[in-house]
Amino acid sequence: MTEQRRTALKELQKLDVSIEDARDKIRTFDPLFEEIEEPSLILEGELGTSRTRLKEMKLEARRLESSSDERRERIRKLEERLNSVRNLREESAVTTELEMVKRGLENDETEAMTLIDQVRKGEERVTELEAAFKEASDLVEPKKEALLADREQVRSELASLEKDRNGFTTAMDARELQIYQAIRGGGRRRAISELTEDGACGNCFGMVPLQHQNEVRHGDQLIRCEACGVILAAPEPVDEAALAEAAAAEAAEAEAAEAAVAEAAEAAAADSAGGDEEE
Ligand SMILES: [Zn+2]
(Lines give C-alpha, C1' and ligand atoms only; values in the text may rest on other atoms or scores of the structure.)
Protein backbone atom coordinates (compact mmCIF):
# COMPACT_ATOMS: atom_id res chain seq x y z
CA MET A 1 0.00 0.00 0.00
CA THR A 2 1.27 3.48 -0.80
CA GLU A 3 2.00 6.04 1.91
CA GLN A 4 -1.05 7.98 2.99
CA ARG A 5 0.24 11.48 2.32
CA ARG A 6 -3.30 12.74 1.78
CA THR A 7 -2.03 15.35 -0.61
CA ALA A 8 -5.52 16.47 -1.64
CA LEU A 9 -6.55 17.16 1.97
CA LYS A 10 -3.37 19.09 2.64
CA GLU A 11 -3.85 21.16 -0.51
CA LEU A 12 -7.42 21.84 0.53
CA GLN A 13 -6.25 22.93 3.98
CA LYS A 14 -3.76 25.33 2.39
CA LEU A 15 -6.56 26.83 0.33
CA ASP A 16 -8.81 27.10 3.37
CA VAL A 17 -6.14 28.81 5.42
CA SER A 18 -5.60 31.33 2.60
CA ILE A 19 -9.37 31.86 2.39
CA GLU A 20 -9.58 32.51 6.14
CA ASP A 21 -6.63 34.91 5.98
CA ALA A 22 -8.29 36.82 3.15
CA ARG A 23 -11.56 37.03 5.10
CA ASP A 24 -9.71 38.26 8.21
CA LYS A 25 -7.94 40.86 6.08
CA ILE A 26 -11.24 42.10 4.64
CA ARG A 27 -12.59 42.57 8.17
CA THR A 28 -9.60 44.73 9.13
CA PHE A 29 -10.83 47.36 6.67
CA ASP A 30 -13.93 48.33 8.71
CA PRO A 31 -12.05 50.12 11.51
CA LEU A 32 -9.83 51.79 8.90
CA PHE A 33 -12.86 53.29 7.20
CA GLU A 34 -14.17 54.51 10.55
CA GLU A 35 -10.80 56.01 11.38
CA ILE A 36 -10.52 58.10 8.21
CA GLU A 37 -14.14 59.22 8.38
CA GLU A 38 -14.07 60.13 12.06
CA PRO A 39 -12.77 63.74 11.81
CA SER A 40 -15.35 64.71 9.22
CA LEU A 41 -18.11 62.93 11.14
CA ILE A 42 -17.24 64.89 14.28
CA LEU A 43 -17.32 68.17 12.31
CA GLU A 44 -20.59 67.18 10.72
CA GLY A 45 -22.06 66.63 14.18
CA GLU A 46 -20.81 70.00 15.45
CA LEU A 47 -22.13 71.69 12.34
CA GLY A 48 -25.55 70.16 12.90
CA THR A 49 -25.63 71.33 16.51
CA SER A 50 -24.52 74.87 15.58
CA ARG A 51 -27.12 75.12 12.82
CA THR A 52 -29.89 74.02 15.18
CA ARG A 53 -28.81 76.54 17.82
CA LEU A 54 -28.68 79.31 15.23
CA LYS A 55 -32.15 78.44 14.02
CA GLU A 56 -33.49 78.58 17.57
CA MET A 57 -31.86 81.98 18.18
CA LYS A 58 -33.37 83.36 14.99
CA LEU A 59 -36.81 82.13 16.04
CA GLU A 60 -36.34 83.76 19.43
CA ALA A 61 -35.28 87.01 17.72
CA ARG A 62 -38.45 86.96 15.65
CA ARG A 63 -40.55 86.31 18.75
CA LEU A 64 -38.91 89.30 20.48
CA GLU A 65 -39.51 91.46 17.47
CA SER A 66 -43.22 90.77 17.38
CA SER A 67 -43.45 91.22 21.15
CA SER A 68 -41.77 94.64 20.79
CA ASP A 69 -44.17 95.58 18.00
CA GLU A 70 -47.12 94.71 20.22
CA ARG A 71 -45.69 96.75 23.08
CA ARG A 72 -45.08 99.76 20.83
CA GLU A 73 -48.67 99.58 19.63
CA ARG A 74 -49.85 99.29 23.24
CA ILE A 75 -47.75 102.37 24.21
CA ARG A 76 -49.23 104.35 21.31
CA LYS A 77 -52.75 103.51 22.49
CA LEU A 78 -52.01 104.26 26.14
CA GLU A 79 -50.50 107.63 25.20
CA GLU A 80 -53.66 108.40 23.23
CA ARG A 81 -55.77 107.48 26.22
CA LEU A 82 -53.67 109.68 28.45
CA ASN A 83 -54.95 112.64 26.39
CA SER A 84 -58.56 111.85 27.16
CA VAL A 85 -58.48 110.86 30.84
CA ARG A 86 -61.34 112.24 32.87
CA ASN A 87 -59.77 112.27 36.34
CA LEU A 88 -56.53 111.90 38.23
CA ARG A 89 -57.24 108.35 39.31
CA GLU A 90 -57.65 107.28 35.71
CA GLU A 91 -54.57 109.24 34.70
CA SER A 92 -52.51 107.57 37.39
CA ALA A 93 -53.72 104.11 36.34
CA VAL A 94 -52.87 104.74 32.64
CA THR A 95 -49.48 106.22 33.55
CA THR A 96 -48.60 103.21 35.70
CA GLU A 97 -49.52 100.81 32.91
CA LEU A 98 -47.62 102.92 30.39
CA GLU A 99 -44.50 102.82 32.55
CA MET A 100 -44.79 99.06 32.86
CA VAL A 101 -45.18 98.51 29.12
CA LYS A 102 -42.24 100.85 28.43
CA ARG A 103 -40.05 98.88 30.84
CA GLY A 104 -41.10 95.67 29.06
CA LEU A 105 -40.15 97.20 25.73
CA GLU A 106 -36.77 98.25 27.06
CA ASN A 107 -36.12 94.72 28.29
CA ASP A 108 -37.15 93.31 24.91
CA GLU A 109 -34.79 95.70 23.15
CA THR A 110 -31.84 94.86 25.40
CA GLU A 111 -32.52 91.17 24.94
CA ALA A 112 -32.82 91.66 21.16
CA MET A 113 -29.45 93.43 21.03
CA THR A 114 -27.74 90.54 22.86
CA LEU A 115 -29.51 88.07 20.65
CA ILE A 116 -28.50 89.86 17.44
CA ASP A 117 -24.90 89.65 18.61
CA GLN A 118 -25.28 85.94 19.36
CA VAL A 119 -26.89 85.28 16.00
CA ARG A 120 -23.99 87.01 14.25
CA LYS A 121 -21.47 84.89 16.18
CA GLY A 122 -23.52 81.77 15.49
CA GLU A 123 -23.52 82.52 11.79
CA GLU A 124 -19.74 82.96 11.84
CA ARG A 125 -19.35 79.64 13.65
CA VAL A 126 -21.55 77.85 11.11
CA THR A 127 -19.54 79.32 8.22
CA GLU A 128 -16.28 78.23 9.87
CA LEU A 129 -17.59 74.73 10.50
CA GLU A 130 -18.92 74.42 6.96
CA ALA A 131 -15.45 75.23 5.59
CA ALA A 132 -13.73 72.84 8.00
CA PHE A 133 -16.23 70.10 7.22
CA LYS A 134 -15.75 70.54 3.48
CA GLU A 135 -11.98 70.43 3.88
CA ALA A 136 -12.15 67.26 5.99
CA SER A 137 -14.56 65.60 3.55
CA ASP A 138 -12.31 66.44 0.62
CA LEU A 139 -9.43 64.75 2.47
CA VAL A 140 -11.51 61.67 3.23
CA GLU A 141 -12.56 60.93 -0.34
CA PRO A 142 -9.16 59.98 -1.84
CA LYS A 143 -8.22 57.99 1.29
CA LYS A 144 -11.53 56.20 1.15
CA GLU A 145 -11.14 55.42 -2.53
CA ALA A 146 -7.66 53.98 -1.95
CA LEU A 147 -9.01 51.79 0.86
CA LEU A 148 -11.94 50.66 -1.27
CA ALA A 149 -9.54 49.69 -4.06
CA ASP A 150 -7.34 47.75 -1.62
CA ARG A 151 -10.33 45.96 -0.19
CA GLU A 152 -11.63 45.19 -3.66
CA GLN A 153 -8.31 43.58 -4.48
CA VAL A 154 -8.48 41.29 -1.44
CA ARG A 155 -12.10 40.50 -2.26
CA SER A 156 -11.24 39.43 -5.77
CA GLU A 157 -8.36 37.33 -4.42
CA LEU A 158 -10.85 35.70 -2.07
CA ALA A 159 -13.31 35.07 -4.90
CA SER A 160 -10.63 33.38 -6.95
CA LEU A 161 -9.53 31.24 -3.96
CA GLU A 162 -13.14 30.20 -3.40
CA LYS A 163 -13.47 29.30 -7.05
CA ASP A 164 -10.27 27.21 -6.85
CA ARG A 165 -11.65 25.49 -3.79
CA ASN A 166 -14.91 24.59 -5.50
CA GLY A 167 -13.06 23.13 -8.47
CA PHE A 168 -10.74 21.26 -6.14
CA THR A 169 -13.35 19.68 -3.87
CA THR A 170 -15.43 18.26 -6.72
CA ALA A 171 -12.45 16.06 -7.63
CA MET A 172 -11.91 14.91 -4.04
CA ASP A 173 -12.86 11.71 -2.25
CA ALA A 174 -16.30 12.48 -0.82
CA ARG A 175 -15.77 10.68 2.50
CA GLU A 176 -12.42 12.34 3.18
CA LEU A 177 -13.94 15.67 2.36
CA GLN A 178 -16.85 15.05 4.69
CA ILE A 179 -14.60 14.17 7.63
CA TYR A 180 -12.36 17.15 6.90
CA GLN A 181 -15.36 19.51 6.80
CA ALA A 182 -16.71 18.08 10.05
CA ILE A 183 -13.40 18.72 11.85
CA ARG A 184 -13.08 22.24 10.48
CA GLY A 185 -16.76 22.90 11.03
CA GLY A 186 -15.95 23.13 14.73
CA GLY A 187 -14.02 26.32 13.96
CA ARG A 188 -10.59 24.72 13.87
CA ARG A 189 -7.93 25.94 11.53
CA ARG A 190 -6.18 22.60 11.12
CA ALA A 191 -7.98 19.42 10.14
CA ILE A 192 -5.01 17.49 8.86
CA SER A 193 -1.45 17.22 10.08
CA GLU A 194 1.62 15.19 9.21
CA LEU A 195 3.19 12.74 11.60
CA THR A 196 6.46 14.04 13.02
CA GLU A 197 9.65 12.07 12.43
CA ASP A 198 9.36 10.33 15.79
CA GLY A 199 5.71 9.42 15.27
CA ALA A 200 3.89 12.19 17.11
CA CYS A 201 0.87 14.14 15.87
CA GLY A 202 2.12 17.31 14.14
CA ASN A 203 -0.76 19.31 15.57
CA CYS A 204 -0.84 18.44 19.28
CA PHE A 205 2.48 16.54 19.45
CA GLY A 206 0.83 13.67 21.32
CA MET A 207 2.44 10.33 20.54
CA VAL A 208 0.50 8.23 18.04
CA PRO A 209 0.31 4.52 18.84
CA LEU A 210 2.67 2.48 16.70
CA GLN A 211 -0.11 0.51 15.06
CA HIS A 212 -1.77 3.75 13.97
CA GLN A 213 1.56 5.12 12.76
CA ASN A 214 1.94 2.05 10.57
CA GLU A 215 -1.54 2.45 9.29
CA VAL A 216 -0.86 6.10 8.45
CA ARG A 217 2.37 5.23 6.69
CA HIS A 218 1.36 2.06 4.92
CA GLY A 219 -2.36 1.35 5.29
CA ASP A 220 -5.25 2.86 3.43
CA GLN A 221 -7.45 3.71 6.42
CA LEU A 222 -8.01 7.31 7.34
CA ILE A 223 -6.52 7.64 10.83
CA ARG A 224 -7.24 10.48 13.21
CA CYS A 225 -5.20 11.59 16.22
CA GLU A 226 -6.79 10.16 19.36
CA ALA A 227 -5.81 13.26 21.34
CA CYS A 228 -6.80 16.19 19.12
CA GLY A 229 -8.79 14.58 16.32
CA VAL A 230 -6.89 15.82 13.27
CA ILE A 231 -6.50 13.53 10.28
CA LEU A 232 -2.98 12.15 10.28
CA ALA A 233 -0.89 12.08 7.11
CA ALA A 234 2.45 10.46 6.38
CA PRO A 235 5.24 12.99 6.17
CA GLU A 236 6.41 14.08 2.72
CA PRO A 237 9.45 12.02 1.72
CA VAL A 238 12.64 14.02 1.99
CA ASP A 239 13.78 15.02 -1.48
CA GLU A 240 17.55 14.46 -1.25
CA ALA A 241 18.27 16.08 -4.60
CA ALA A 242 16.31 19.23 -3.71
CA LEU A 243 18.03 19.45 -0.32
CA ALA A 244 21.46 19.15 -1.94
CA GLU A 245 20.49 21.80 -4.46
CA ALA A 246 19.32 24.17 -1.72
CA ALA A 247 22.53 23.62 0.26
CA ALA A 248 24.64 24.30 -2.83
CA ALA A 249 22.71 27.49 -3.56
CA GLU A 250 23.21 28.63 0.02
CA ALA A 251 26.94 27.94 -0.17
CA ALA A 252 27.23 29.84 -3.45
CA GLU A 253 25.38 32.77 -1.91
CA ALA A 254 27.71 32.82 1.11
CA GLU A 255 30.70 32.69 -1.19
CA ALA A 256 29.39 35.60 -3.24
CA ALA A 257 28.79 37.64 -0.09
CA GLU A 258 32.30 36.91 1.12
CA ALA A 259 33.74 37.96 -2.24
CA ALA A 260 31.75 41.21 -2.10
CA VAL A 261 33.12 41.98 1.38
CA ALA A 262 36.68 41.29 0.22
CA GLU A 263 36.17 43.49 -2.82
CA ALA A 264 34.81 46.33 -0.71
CA ALA A 265 37.79 46.04 1.68
CA GLU A 266 40.16 46.13 -1.27
CA ALA A 267 38.45 49.20 -2.70
CA ALA A 268 38.63 50.95 0.69
CA ALA A 269 42.34 50.15 0.95
CA ALA A 270 42.94 51.50 -2.55
CA ASP A 271 40.96 54.66 -1.64
CA SER A 272 42.99 55.38 1.47
CA ALA A 273 46.23 54.65 -0.43
CA GLY A 274 45.11 57.15 -3.08
CA GLY A 275 44.35 59.66 -0.35
CA ASP A 276 47.83 59.24 1.08
CA GLU A 277 49.39 60.03 -2.27
CA GLU A 278 47.43 63.23 -2.63
CA GLU A 279 48.61 64.58 0.69
ZN1 LIG B 1 -3.11 15.44 17.71
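Bear in mind that the values here come from a model prediction, so they are computed numbers and not experimental data.

### What to know about the nonpolar core
Counting residues in hydrophobic clusters, the biggest one holds 12 residues: L9, L12, M172, L177, I179, Y180, I183, A191, I192, L222, I231 and A233. For this core, the secondary structure elements donating two or more residues are α1 (7-27), α4 (174-185) and β2 (231-233). Top contributing element to this core by residue count: α4, with 4 residues. Apart from the residues within four sequence positions on either side, I231 is in contact with R6, L9, I179, Y180, I183, A191, I192, S193, L222, I223 and R224. Residues L15, F29, V154 and L161 belong to the second largest nonpolar core, which totals 11 residues.

### Description of the layout of surface pockets
Estimated volume of the largest pocket: approximately 180 Å³. Along its surface, the largest pocket is lined by T7, K10, E11, Q13, K14, V17, R190, I192, S193, E194 and E236. For the lining of the largest pocket, the secondary-structure elements that each account for two or more residues are α1 and β1 (192-194). A per-element tally of the lining of the largest pocket places α1 first, with 6 residues. The residue makeup of the lining of the largest pocket, split by class, is 2 nonpolar, 3 polar and 6 charged.

### What to know about the domain arrangement of the protein chain
In terms of domain boundaries, the protein chain breaks down into domain 1 (22-170), domain 2 (174-233) and domain 3 (243-279). The distance between the C-alpha centroids of domain 1 and domain 2 comes to 65 Å.

### A closer look at the pattern of salt bridges
Following the criterion strictly, the structure yields 31 salt bridges and no others. Residue D16 is joined to R184 by a salt bridge in which the shortest nitrogen-to-oxygen separation is 3.6 Å. Of the two residues, D16 sits in helix α1 while R184 sits in helix α4, which places them 168 residues apart along the sequence. Assigned by exposure class, D16 and R184 land together as buried. A salt bridge links D21 to R189; the nearest nitrogen and oxygen atoms lie 2.8 Å apart. Highlighted residues: D21 in helix α1 and R189 in the loop between α4 and β1, separated in sequence by 168 residues. Among the residues examined, R189 registers a relative accessible area of 37% and is labelled partly exposed.

### With respect to the coordination of the zinc ion
Protein coordination at the zinc ion: the donors are C201 (SG), C204 (SG), C225 (SG) and C228 (SG), at 2.2 to 2.3 Å from the metal. Spacing between the donor residues of the zinc ion along the chain follows C-x2-C-x20-C-x2-C. Here C204, found in the loop between β1 and α5 (210-218), pairs with C225, found in the loop between α5 and β2; they are 21 residues apart in sequence, far enough to count as distant. For C204, a relative accessible area of 31% gives the class partly exposed. Classification of C225 by relative accessible area gives buried; the value is 7%.

What counts, and where the lines are drawn
- Residues numbered from 1 in each chain as written.
- Predicted model: local features only at pLDDT ≥ 70, side-chain atom pairs only at ≥ 80, totals over all residues.
- Heavy atoms only, no water.
- Core = buried A, V, L, I, M, F, W, Y, C linked by side-chain atoms within 4.5 Å.
- Buried < 20%, exposed > 50% of the residue type's maximum accessible area, 1.4 Å probe, protein only.
- Helix = DSSP H or I, 4+ residues; strand = E, 2+ residues; numbered from the N terminus.
- Contact = heavy atoms within 4.5 Å.
- 1 Å grid on protein atoms, 1.4 Å probe; cavity = no way out; pocket = protein on both sides within 12 Å on 5 of 7 lines; lining within 4 Å.
- Points joined across faces, edges and corners; volume = space filled by probe spheres on them.
- Nonpolar A, V, L, I, M, F, W, Y, C, P; charged D, E, K, R; others polar.
- Domains from an automatic or database assignment.
- Salt bridge = Lys/Arg side-chain N within 4 Å of Asp/Glu carboxyl O.
- Donors = N, O, S within 2.8 Å, 3.2 Å for Na, K, Ca; no water.

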